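# Overview (structure and organization)
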Amino acid sequence: MPEVLLSARRVARRFGRRVVLEPIDLDLAEGEVVALGGPNGAGKSTLIAILAGALAPSGGDVAAAEPTRVGWMPQQPALYSRLTPRENLELFARLAGLAAPEAAVGRALEAVGLAEEERRAAELSVGNVQRLNLAIGLLGEPHVLLLDEPTASLDVAQRQRLWLLVDGLRAAGGAVLFATHNLEEARRTADRLLVLQDGRAVYAGPPGDYREESA
Amino acid sequence: MRRVALLLGKDIRTLGRMPALALALVAYPLVIALVVGLVVRYAGERPRVALVDEKGSLPGLLVVGETRFDVKSRFDQATEVDLVPMSLAQAERELDTGRVVAALIVPPDFITKLRGLRESPTLVLRTTRGGLGTRVVEKMRSLVYSTNLELQQSYIDANLAAVDLLLRGGSGTIGRTPFTLLGIRRAREQLRALERAPDPEVAARARELDTFMGQLQGAVGQVGSFLRATANPIELVQEEQAGRTWLLSAQVQGYALALALAFVTVLLGAGALVAEREENVLGRLARGLAGLGQLVAEKVTFVALVGTALGFVLAVVFGIIVEVGDVSGGEPWLRLPLLLVGLVLAAVAFGSFGVLIGALAREAATATLVAFLVALPLTLLALVPAGSIAAAEWIGALFPFGHAQTALSAALYDERPAGTLVRQGAWLVGLGLAYGTAARVAARRLLG
């Protein structure tokens, strides 16, 4: 039985009176890739941000097995636009207190193919900014990777590089949760699919069994 | 502390990569200092006053004894006001439109009365009821006083010349009539010659007259001193020296420093925290990298650093100008460490206020606009004279500007600045803590 690395129990979120996420349960186990589907405004980004610890839930709990490290790539790039990719990564690595920040930065830059990039983030293409956004999530070699629409701005080659990375993490016993609008991508990559609509889970199961009308 | 230092390093590096902002941060306070200086300079500037002399009654040349006095030229060169000759009708028009603040009207009999010396000649000063009315009256009084003083001196000199003629004897004129005087000294010489006359009665009369003439000579000899003393029982002697110019005066320096610091730090503080939200990194930082308290502390520190550096540069520039201009008293360089303390405390208080505005506004454009709209009236509020409006005084006391201005002026120029610095420093620290705490609470809104 694979160990559960990250677990959410009845996590919910309200913004004022508006409920954006109804109480929901989710486990991410070793070697598992889970796709998170649903239309815009369904609550996907909110759930991922809560799992990442970037947003406090209004109710429920999130627990990670020790010593699980969780990496997060938000949908909107979260980085300093006037710093270069290396400077961004060094700052976040040092803030995170990584033991060997230079080495961690080097590995993250290699992983996304930005090792030679010297320009500031503001001068990069949208796709390269998204790669940098992913690289920050990869710092510290996380066991669990939470990706919010990771392929939205990537070209074909970079998508392949991303899925290779996901496969590598799965093979190493890690877990990945990614949000997507692309059902084909979910079927091809994920072991499970969780579909949200209006903040509620409307489907949870194998991606291949999901039909739009089944929701 | 390590995380605060890391974010601080990032902000300083980022600032260095925004040349337009860095340039504005340097130019802005200098422009403010210049504008403030111009405002203060106006207080010492010559008001424009119409000079109405339609009959040409201002004497171009007034001969008093041997002294020639040019009243018209004295008025033309007046330093107190800028006298602009014009007709009465034009003066009234310009007075109505505010182009002149007063009109000085010379009556037609002015010259006659001045030359006759039987009655004091008059000048009519017509002013408006505007705010400058009182000031222009003071300036005109000063002009008339100094002209009177110069005229008085001419009359005294003429009287002294007459007394001297009485003592020594010689030729003079009264009006256009020439005359010759024997003089007291020569009269006594002749009396002494008569004292040796063989007729004892003549000799006795001559001795008696000589004694009287001796007393007269002593008394007349004192007239000059009496004239001067009674004309000016208390004399004010003006000595000119290379004092501070309007731009560098002590008050302006303290005021300009506080004003520049207030605007730069409040605006920068308002933008600094919101910039993190606009970069979308608050979520990342919230994942255990940096708490909101650390973030607020870092922003206040960053703004305080920039503000202090800027204020210090401004003070040094002022000082260099003072030294280059060879201004009397020089710049109090030894006070710079004390000034630095005042700058740090003021910058922390202003910065905390700015960060609070940023946390409440949540968005850069709004934060900057709100910071500007709030800082300007609060800055002006602190300038309301103490005791005039209690509410304004209280509200002004809750904003750091008044405390900062007092502390900075004291640090630079007070003979014993410690008491003022401690008192105002305590206010600034208290306000900084209060605003910082409020900013920490409000910053939670940024994560939503």
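Rules and cut-offs
Residues numbered from 1 in each chain as written. Chains lettered and ligands numbered in written order. Predicted model: local features only at pLDDT ≥ 70, side-chain atom pairs only at ≥ 80, totals over all residues. Helix = DSSP H or I, 4+ residues; strand = E, 2+ residues; numbered from the N terminus. Buried ≥ 20, exposed ≤ 12 C-beta atoms within 10 Å, placed from the backbone. Contact = placed C-beta atoms within 7 Å. Nonpolar A, V, L, I, M, F, W, Y, C, P; charged D, E, K, R; others polar. pLDDT = per-residue confidence, 0-100. Pairing = 2+ DSSP bridges. Axes fitted to C-alpha atoms, helices over the stretch in contact; angles between N-to-C directions. Parallel < 35°, antiparallel > 145°, perpendicular 65-115°, else oblique. Left-handed = near helix turned anticlockwise from the far one by under 90°. Right-handed = clockwise from strand over helix to strand, strands pointing away. Core = buried A, V, L, I, M, F, W, Y, C linked by C-beta atoms within 7 Å. Expected span 1.5 Å × (residues − 1). Arc of directions from axis to C-beta.

## Here's the deal with the overall build of chain B
- For chain B, the helix and strand inventory stands at 17 helices and eight strands.
- Relative to its 448 residues, chain B shows a buried fraction of 33%.

## Comments concerning the overall build of chain A
- Across its full length, chain A holds six helices and nine strands.
- Buried positions account for 45% of the 215 residues belonging to chain A.
- For chain A, long-range pairs separated by at least 24 residues make up 68% of all intrachain contacts whose partners lie at least 6 apart in sequence.

## Quick word on the interface of chain A and chain B
- In this assembly, 21 residues from chain A lie in contact with 16 residues from chain B.
- Elements that contribute at least two residues to the side of chain A that touches chain B include exactly α1 (44-52) and α2 (85-95) of chain A.
- Classifying every residue of the side of chain A that touches chain B by side-chain character gives 16 nonpolar, three polar and two charged.

## Examining the confidence of the model for chain B
All names here are of chain B.
- Considering every residue of chain B, the mean pLDDT works out to 81; 83% of them sit at 70 or more.
- Scored below 50 in pLDDT, residues 238-247 shows 17 contacts in the model against residues more than four places distant or in partner chains.
- For this predicted complex, the interface confidence score (ipTM) comes to 0.89, while the overall pTM stands at 0.70.

## Points about the sheet that holds strand β6 (residues 124-127) of chain B
Residues and elements named next belong to chain B.
- With respect to topology, four strands assemble into an open sheet ordered β4-β1-β5-β6, the strand pairing being mixed. Sheet topology places β4 (82-85) and β6 at the edges, where each strand pairs with a single neighbour. Sheet twist, expressed as the average angle between the axes of neighbouring strands with direction ignored, equals 30°.
- Sitting on the sheet, helix α4 (residues 88-97) is in contact with β1 (48-52), β5 (102-105) and β6, with an inclination near 160° to β1.

## A short note on the packing of helix α15 (residues 400-413) of chain B against helix α16 (residues 418-442) of chain B
Residue and element names in this part refer to chain B.
- It is at 9 Å that the axes of α15 and α16 come closest, and there the two elements cross at 150°. By the angle class used here, α15 and α16 are roughly antiparallel. Where α15 crosses over α16, the two elements pack in a sense that is left-handed. Of the residues in α16, those in contact with Pro-400, His-403, Ala-404, Thr-406, Ala-407, Ala-410 and Ala-411 of α15 are Thr-420, Leu-421, Gln-424, Gly-425, Trp-427, Leu-428 and Leu-431.
- Partitioning the contact of α15 with α16 into residue classes produces nine nonpolar, five polar and no charged.

## Concerning the sheet that holds strand β1 (residues 4-15) of chain A
All names here are of chain A.
- Spatial strand order, β2-β1-β4: three strands in an open sheet with antiparallel pairing. Two strands lie at the open edges of the sheet, namely β2 (18-29) and β4 (59-64), each paired on one side alone. Averaged over all adjacent pairs, the angle separating strand axes in this sheet is 15°, with direction ignored.
- For β1 and β2, the ladder comprises eight bridges, and the chain directions are antiparallel. By the bridge assignment for β2, Ala-8 is matched with Leu-26.
- Relative to the sheet, α1 contacts β1, β2 and β4, its axis offset from that of β1 by approximately 125°.

## Let's talk about the packing of helix α12 (residues 336-361) of chain B against α16 of chain B
Residues and elements named next belong to chain B.
- Interaxial distance between α12 and α16 falls to 8 Å at its minimum, and their mutual angle equals 25°. As the angle between them shows, α12 and α16 are arranged roughly parallel. The crossing of α12 and α16 is left-handed.
- Per-class residue counts for the contact of α12 with α16 are 19 nonpolar, five polar and no charged.

## Considering the environment of Asn-88 of chain A
Residue and element names in this part refer to chain A.
- Take Asn-88: it is sitting in helix α2.
- On the basis of neighbour counts, which here come to 27 C-beta atoms within 10 Å, the residue Asn-88 falls in the buried class.
- If near-sequence neighbours (up to four positions away) are discounted, Asn-88 is found in contact with Leu-79, Tyr-80, Leu-83, Ala-121, Leu-132 and Ile-136.

## Concerning the pairing of strand β7 (residues 175-179) of chain A
All names here are of chain A.
- β7 sits mainly inside the fold: five of its five residues count as buried.
- Burial along β7 is two-sided: the face carrying Ala-175, Leu-177 and Ala-179 and the face carrying Val-176 and Phe-178 are both buried.
- Of the strand pairs in this sheet, strand β3 (residues 32-37) and β7 are connected by five bridges, and their pairing is parallel. Considered in β7, the bridge of Leu-36 is made with Ala-179.
- Of the pairings in the sheet, the one linking strand β6 (residues 144-148) to β7 comprises five bridges and is parallel in character. The partner of Asp-148 across the bridge, within β7, is Ala-179.
- Of the crossover connections in this fold, the one passing from β6 over helix α5 (residues 156-171) to the parallel β7 is right-handed.

## Considerations on the environment of Asp-155 of chain A
Residues and elements named next belong to chain A.
- Considering the arrangement of structural elements, one finds Asp-155 in the loop between β6 and α5.
- The class of Asp-155 is exposed, set by 11 C-beta atoms lying within 10 Å.
- Separated by 27 residues in the primary sequence, Asp-155 and Asn-128 place their C-alpha atoms 9.8 Å from one another.

## Considerations on the nonpolar core
- Core analysis: the largest hydrophobic core is formed by 139 residues, its most contacted members being Ala-108, Ala-135 and Leu-146 of chain A together with Ala-258, Leu-261, Ala-262 and Ala-346 of chain B.
- Per-element accounting of this core gives the leading share, 18 residues, to helix α9 (residues 250-278) of chain B.
- Core analysis: the next-biggest nonpolar cluster, separate from the first, contains 22 residues, Val-49, Phe-75, Leu-83 and Ala-102 of chain B among them.

## Comments concerning unusual backbone geometry
- Of note, the bond from Glu-66 of chain A into Pro-67 of chain A is cis; its omega dihedral lies within 30 degrees of zero at -5°.
- One can find Pro-67 of chain A in the loop between β4 and β5 (70-73).
- A positive phi angle, near 50°, is found at Glu-149 of chain A, a position not held by glycine.
- With respect to the helices and strands, Glu-149 of chain A occurs in the loop between β6 and α5.
- You can call Glu-149 of chain A buried: it has 20 C-beta atoms within 10 Å.
- Backbone geometry at Asn-280 of chain B places phi at a positive 70°, although glycine is not the residue there.

## Digging into helix α13 (residues 364-381) of chain B
Residue and element names in this part refer to chain B.
- For α13, spanning 18 residues, the distance from its first C-alpha to its last is 26 Å, which sits close to the expected 26 Å at 1.5 Å a residue.
- Buried residues of α13: Ala-367, Thr-368, Ala-371, Ala-375, Thr-379 and Leu-381, and no others. Mapping the buried residues of α13 onto a view down its axis gives an arc of 155°, with all of them on the same face. Facing away from the buried side of α13 by more than 90 degrees, the exposed set consists of Ala-365, Leu-373, Pro-377 and Leu-380.

## Overview of the confidence of the model for chain A
- Counting all residues, the mean pLDDT for chain A is 91, and 98% of those residues have values of 70 or more.
- Here helix α6 (residues 183-189) of chain A is the element of chain A with the lowest mean pLDDT, 89, and α2 of chain A is the one with the highest, 95.

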